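As a plain string of letters, each chain reads:
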Amino acid sequence: MYFIKAGQVARGPHKIPVVFYRTRAGSEGVRDWLRELDEKDRSAIGQDLMRVQYRWPVGMPLCRPLGDGLWEVRSDLPSNRIARVLFGLSGDRIVVLHGFIKKTQKTPDTDLILARRRKREFEE
């Protein structure tokens, strides 16, 4: 809830644009990964990304900083699995960099390295 001061115009929540990392060859790995998931799982991840998009900054338990401008969205899926979507902020956009099904408690170093590399490529 927010209050409007005299003379202000009421506005809804601020929506931050979401873009997906695209390789130089044109493939979008996270979109391809999402399309492979069950529709209900895909919808749960989409809802969580939308929460980040409309409520940024968001903290735990939905979103956690990983350092170096990298963030993690945690999604509990209807299929009793846990998904992670790694993203960064670039200008006024949320850039979705990598997504995977969680298999260990700690985010694997290979996934972090990949997301950080993609973030650097996107910013160049």
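Residues numbered from 1 in each chain as written. Predicted model: local features only at pLDDT ≥ 70, side-chain atom pairs only at ≥ 80, totals over all residues. Heavy atoms only, no water.

## Considerations on the packing of aromatic side chains
Let me state the cut-off plainly: Only Phe, Tyr and Trp rings are paired, with Trp represented by its six-membered ring, and only when their centres lie within 6.5 Å; those with planes under 30 degrees apart are stacked, over 60 edge-to-face, the remainder tilted. Secondary structure counts use DSSP, requiring at least four H or I residues in a row for a helix and at least two E residues in a row for a strand, with both numbered from the N terminus. In this scheme, a residue with accessible area under 20% of its type's maximum is buried, one over 50% is exposed, and one in between is partly exposed, where area comes from a 1.4 Å probe on protein chains only.
For the structure on display, the rule yields two aromatic pairs. Look at Trp56 and Trp71: their rings are 4.8 Å apart centre to centre, the planes differ by 85°, and that puts the pair in the edge-to-face class. Taken together, the positions of Trp56 in the loop between α2 (39–55) and β2 (63–67) and Trp71 in strand β3 (residues 70–76) put the pair 15 residues apart, joining distant regions of the chain. Here Trp56 falls in the partly exposed class, since its relative accessible area comes to 22%. Using a relative accessible area of 21% as the deciding quantity, one classes Trp71 as partly exposed. These aromatic residues form a ring-pair network of at least three members: Trp56, Trp71 and Phe87.

## Quick word on the environment of Asp76
Put simply, the rule reads: Whether two residues are in contact is decided by their heavy atoms: any pair within 4.5 Å suffices.
Considering the arrangement of structural elements, one finds Asp76 in strand β3. Considered as a pair, Asp76 and Asp41 are 35 residues apart in the sequence and their alpha carbons are 8.5 Å apart. Not counting the four nearest positions on each side in its chain, Asp76 is found in contact with Ala44, Arg81 and Ile82.

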